[in-house]
Amino acid sequence: MKVFVPKDSAAVSVGADEVAELLARAGAQVVRTGSRGMLWLEPLVEVETDAGRVGYGPVAPEDVDGLVAAGMLDGTAPGLGLVEDLPWMRAQQRLTFVRVGVVDPADPADHERHGGLDGLRAALGMDPADVVTAVTDSGLRGRGGAGFPTGVKWKTVADAESELKFVCCNADEGDSGTFADRMLMEGDPFTLLTGMTIAAYAVGASEGYVYVRSEYPDAVAALRTAIVAARGQGWLGESVLGSGFAFDVHVRVGAGAYICGEETSMLESLEGKRGTVRPKPPIPALEGLFGHPTVVNNVLSLASVPTILADGAEAYAALGVGRSRGTQVFQLGGNIARGGVLETAFGISLGELVETFGGGTLSGRPVRAVQVGGPLGAYLPVEQFDLPMDYEAFAASGAMVGHGGIVVFDDTVDMSSMARFAMEFCAEESCGRCTPCRIGAVRGVETIDRIRAGEDREANLVLLEDLCELMTDGSLCAMGGLTPLPVRSAITHFGEDFR
Amino acid sequence: MSIEAPPGPVDEVVSRAVEAHRGSRGALLPILHAVQEELGHVPPSVVPVLAGRLNLSTAEVHGVVTFYRDFRTTPPGRVTVRVCRAEACRAVGGEALMEHAAASLGVTRGGTTPDGAVTLDEVFCLGNCALGPAVQVGDRLHGRVTPARLDALIGQGR
């Protein structure tokens, strides 16, 4: 009897390794997969039956003996039922994450069996320019947060004249509340490699780098294993799938600097330098890594490409709303009853995500605030739960979708302390290149401390607003430029916490 | 306690790291990671040696070592405990957990216990935001960590 136990580091963080070992000792054939994304059910054990995979979770190590005795290993013990039929799974449209939690991430044959190479095969059968057009037509926008049209970026690189071009994957997922990049790299790394290969073929690049943060050792290991396997299969190397097109990928590990998630800092770091921000222009598409034309895309942008090529740009573009096409992988974190990742078309409301999928808070207290889009995203009150997840709708409300991470806080949160933390974080992580960010964040912490201490509140609130305006307008990159977003939104929506 | 590794071994470690990444583009970070992996930290004596091998200035290498949080110039404790201080973990008591850790170990953030057993550090996000508070002990991630569980994890690590 085959059972599936996640090896995803979140599942392991609550005991999945111990559960897997006990099940193996009980005689089960254990396959380690990624996580389905229902993290509140981890460790989630799935048992293969004729009807499909039957789920049990959360399974603590001490539960294993009892469950096995009750018939878990043939799927007859009472459990969650078929995993695919769980409401959380049925309500999704999983394209980028379709194989995560299903396949063995270290097994290329399993990847291919589940259709993982369809997109790459389709792309290699097309003219590179047509691949760029397909990505443009799909409406795919950068999933890292900025939302820049991926096809437009690729076209710029494709049109640039150079002997040497690069594809760099930004896997420096430092935003709190985001973990989808990590889960994809741990759960289905071949899809990322395939997406990078398609990008390289489309723009004429020969070398790829994945820049992974050092806080993700399991993702680094999963990628390295996958790269070795992919080279062995001829999916990477001198002639990708026998096409004559040459491309290889290398993993580089960050060193604990949040700013290296900013694309130009990441390029500096890849070059072996301090991760300071470069002024733009020149844009990386024209002068990127070591001065050569470079595609810089987020993990999920690149991992969405294979499905677009496999099923066609139209199918992808048919999903979503407005100029936000396709699906987004949303991440629910913080004080939430049912946290995890789910993939669905743009347009779903913030409230549906937090309440219907997430089930409200873990503490059982009322939701007071949610932060959307990471530490540089706005804090929103429940009154804005009808906002659709759509880049433009969020921007119009002074917020941002970002990487699709949503962090929930209950009514015990002190929003002035969260605003202070936004400034503290910026002061800690600023690269130091520009003054508004480097000095402004320090002054921001001091000013918020004065407000919290009741010193000359009104005047200091005016000063803080002035500082926020300066940081927004005068910073080189999004670190200093967007830190005012959580600060200002906290003041706007939760002003009582500053009085 | 001496914070300088003897020069002989340092030289060998640097040579091995440089050799292992020969042919890699811009390999200073992977080399520094390799040095730290072997020595536990990047001793200041490595900087001029590495600068010479890579044809960089001492200032350039020093600048990189000091820019990145991961690279330490002094040895860490035998086990490093990182408590997440970012938003998602704060929403479920991460700050209280950090305060508990500091109080029970008797060190401040970034500090090492006098017996050299445990280094307590802060980290901004471990990617375990749905199962916070999150803590990393060595390379191992832990979720839903209560103060009691943290004490137990630290006890095991000692």
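Just so it is clear, the structure is predicted and the values come from calculations on it, not from any experiment. (Residues numbered from 1 in each chain as written. Chains lettered and ligands numbered in written order. Predicted model: local features only at pLDDT ≥ 70, side-chain atom pairs only at ≥ 80, totals over all residues. Heavy atoms only, no water.)

1. Digging into the overall build of chain B
To keep things clear, this is the line we draw: Secondary structure counts use DSSP, requiring at least four H or I residues in a row for a helix and at least two E residues in a row for a strand, with both numbered from the N terminus. Burial classes follow relative accessibility: with a 1.4 Å probe on protein chains only, a residue under 20% of its type's maximum area counts as buried, one over 50% as exposed, and anything between as partly exposed. A contact between two residues is defined here by any heavy atoms of the two lying within 4.5 Å. Each accessible area is a Shrake-Rupley estimate made with a 1.4 Å probe; only the visible protein chains count as cover when residues are assessed. His is not counted, nor are the chain ends; Lys and Arg add positive charge and Asp and Glu add negative charge. Throughout, a charge is located at the NZ atom of Lys, the CZ atom of Arg, the CG atom of Asp or the CD atom of Glu.
Scanning chain B from terminus to terminus reveals seven helices and four strands. Going from the N terminus to the C terminus, chain B shows its helices and strands as α-α-α-α-β-α-α-β-β-β-α. Dimensions along the principal axes, computed over C-alpha positions, put chain B at roughly 50 × 35 × 25 Å. Counting the 158 residues in chain B, one finds 51% classified as buried. Look at the contacts in chain B between residues 6 or more apart in sequence, and 61% of them connect residues 24 or more apart. Just so you have it, chain B exposes about 6,700 Å², and 54% of that area is on carbon and sulfur atoms. Measuring between centres, the 15 positive side-chain charges of chain B sit 5 Å from its 16 negative side-chain charges.

2. Side note on the overall build of chain A
What counts is decided by this rule: Radius of gyration means the value over C-alpha atoms here, while the globule rule gives 2.2 Å times the residue count to the 0.38 power.
When its secondary structure is counted, chain A shows 22 helices and 16 strands. Taken over the C-alpha trace, chain A has a radius of gyration of 23 Å; the compact-globule value for 499 residues is 23 Å, and the two agree within 12%. Projected onto the principal axes, the alpha-carbon positions of chain A cover approximately 70 × 60 × 40 Å. Taking all 499 residues of chain A together, 63% fall into the buried category. For chain A, the proportion of contacts with a sequence separation of at least 24, taken over those separated by at least 6, is 70%. In the form shown here, chain A has an accessible surface area of approximately 16,900 Å², with 51% of it arising from carbon and sulfur atoms. Averaging the locations of the 39 positively and 67 negatively charged side chains of chain A gives two centres separated by 3 Å.

3. What to know about the packing of aromatic side chains
What counts is decided by this rule: Within 6.5 Å between ring centres, the rings of Phe, Tyr and Trp (the latter by its six-membered ring) count as paired, and their orientation is classed by plane angle as stacked under 30 degrees, edge-to-face over 60, tilted in between.
Counted under the stated rule, the structure contains 15 aromatic pairs over all chains. A ring pair is formed by F166(A) and F290(A), whose centres lie 6.4 Å apart and whose planes are at 55°; its orientation type is tilted. Pair noted here: F166(A) is in strand 6 (residues 166–171) and F290(A) is in the loop between helix 12 (263–270) and strand 9 (294–298), with a separation of 124 residues, a long-range link. Owing to a relative accessible area of 0%, F166(A) belongs among the buried residues under this scheme. Between F425(A) and F124(B) the ring centres are 5.0 Å apart and the planes differ by 75°, which places this aromatic pair in the edge-to-face class. Here F425(A) is found in helix 17 (residues 415–429), whereas its partner F124(B) is found in the loop between strand 2 (118–123) and strand 3 (135–137) on a different chain. Each member of the pair F425(A) and F124(B) is classed as buried.

4. Describing the domain arrangement of chain A
All names here are of chain A. Here is the rule: Domain start and end points were adopted from an automatic or database domain assignment. Note: buried area is the sum, over both parts, of the accessible area (probe 1.4 Å) each one loses when the two are combined. Salt bridges are defined as contacts in which a side-chain nitrogen from Lys or Arg sits within 4 Å of a carboxyl oxygen from Asp or Glu. For the purposes of these results, a polar contact is taken to be a pair of N or O atoms within 3.5 Å, where, inside protein, one atom must be able to donate a hydrogen and its partner to accept one; residues adjacent in sequence count only when each atom of the pair is a side-chain atom.
In terms of domains, chain A is made up of domain 1 (2–90), domain 2 (108–317), domain 3 (320–410) and domain 4 (415–498). For domain 2 versus domain 4, the distance between C-alpha centres works out to 34 Å. Between domain 2 and domain 4, the residue contacts involve ten residues of the former and seven residues of the latter. Counting the surface domain 2 buries against domain 4, the share from its top three residues, Y258, I259 and V277, is 60%. Taken together, the connections running from domain 2 to domain 4 amount to zero salt bridges. Our enumeration of links across domain 2 and domain 4 arrives at two residue pairs in polar contact (both at pLDDT 80 or more).

5. Some points on the domain arrangement of chain B
Accessible area lost upon the coming together of the parts is a frequently used measure of interface size. Partitioning chain B into domains gives domain 1 (7–67) and domain 2 (79–157). Taking only C-alpha atoms into account, the centre of domain 1 of chain B sits 29 Å from that of domain 2 of chain B.

6. Some details on the pairing of strand 12 (residues 327–334) of chain A
Residue and element names in this part refer to chain A. Our working definition: Strand pairing is defined by DSSP finding a minimum of two bridges between the two strands.
In terms of residue burial, strand 12 counts as a mostly covered element, since eight of its eight residues are buried. In this structure, strand 12 lies alongside strand 13 (residues 340–345), joined through six bridges in antiparallel fashion. In the sheet register, Q328 faces strand 13, and the bridge partner there is T344. Counted between consecutive antiparallel strands, the loop separating strand 12 from strand 13 contains five residues. Where strand 12 and strand 16 (residues 405–410) come together, four bridges link them in parallel fashion. Following the sheet pairing, Q331 is matched in strand 16 by G405.

7. Here's the deal with the side chain of T194(A)
Residue and element names in this part refer to chain A. Assignment of secondary structure puts T194 in helix 10 (residues 189–203). According to the relative accessible area criterion, T194 is buried, its value standing at 4%. When near neighbours in sequence (up to four residues on either side) are disregarded, T194 contacts H111, G116, L117, L120 and P306.

8. Thoughts on the interface of chain A and chain B
Rules: We call Asp, Glu, Lys and Arg charged. Ala, Val, Leu, Ile, Met, Phe, Trp, Tyr, Cys and Pro are nonpolar, and the rest, Gly among them, are polar.
Taken together, the contacts link 62 residues of chain A with 42 residues of chain B. Interface area, chain A with chain B, both sides summed: about 3,800 Å², of which 55% is carbon and sulfur. In this assembly, chain A and chain B are joined by five salt bridges. When the shortest N-O distance is used, the salt bridge between E429(A) and R69(B) registers 2.7 Å. At the boundary of chain A and chain B, one finds 26 residue pairs in polar contact (both at pLDDT 80 or more). Mapped by element, the contributors of at least two residues to the side of chain A that touches chain B are helix 1 (9–12), strand 7 (207–212), strand 8 (248–253), helix 12, strand 12, strand 16 and helix 17 of chain A. For the side of chain A that touches chain B, the element with the most residues is helix 17 of chain A, which contributes six residues. Residues that form the side of chain A that touches chain B fall into these classes: 30 nonpolar, 19 polar and 13 charged.

9. Re the pattern of salt bridges
Scanning the entire structure with this criterion turns up 41 salt bridges over all chains. A salt bridge links E424(A) to R85(B); the shortest N-O distance between them is 3.1 Å. Of this pair, E424(A) sits in helix 17 while R85(B) sits in the loop between strand 1 (79–84) and helix 5 (87–90), each in a different chain. When its relative accessible area of 3% is taken as the criterion, R85(B) is described as buried. A single network of salt bridges, built from pairs that share partners, joins R420(A), E424(A), E428(A), E429(A), D449(A), R69(B), R85(B), R90(B), E95(B), R109(B) and E122(B).

10. Description of the sheet that holds strand 16 of chain A
Residue and element names in this part refer to chain A. The criterion, for reference: All axes are obtained by fitting lines to C-alpha atoms, using only the stretch in contact for helices, and the reported angles, taken between N-to-C directions, cover 0 to 180 degrees.
Read across the sheet, five strands follow the order 13-12-16-14-15 without closing on themselves; strand pairing throughout is mixed. The strands lining the two open edges of the sheet, one partner per strand, are strand 13 and strand 15 (379–381). Recorded for the sheet is a direction-independent mean angle of 30° between the axes of neighbouring strands. Across the face of the sheet, helix 15 (residues 350–357) comes into contact with strand 12, strand 13, strand 14 (367–372), strand 15 and strand 16 while running at roughly 120° to strand 14.

11. Thoughts on the sheet that holds strand 1 of chain B
Strand pairing in a sheet relies on backbone hydrogen bonds, with the paired strands running either antiparallel or parallel. All names here are of chain B. The four strands are arranged 2-1-3-4 in an open sheet whose pairing can be described as mixed. The sheet terminates laterally at strand 2 and strand 4 (140–142), the two strands that pair on one side only. Within the sheet, the average angular offset between the axes of one strand and its neighbour, ignoring direction, is 20°. As defined by bridge partners, strand 1 adjoins strand 2 across six bridges and the pair is classed as parallel.

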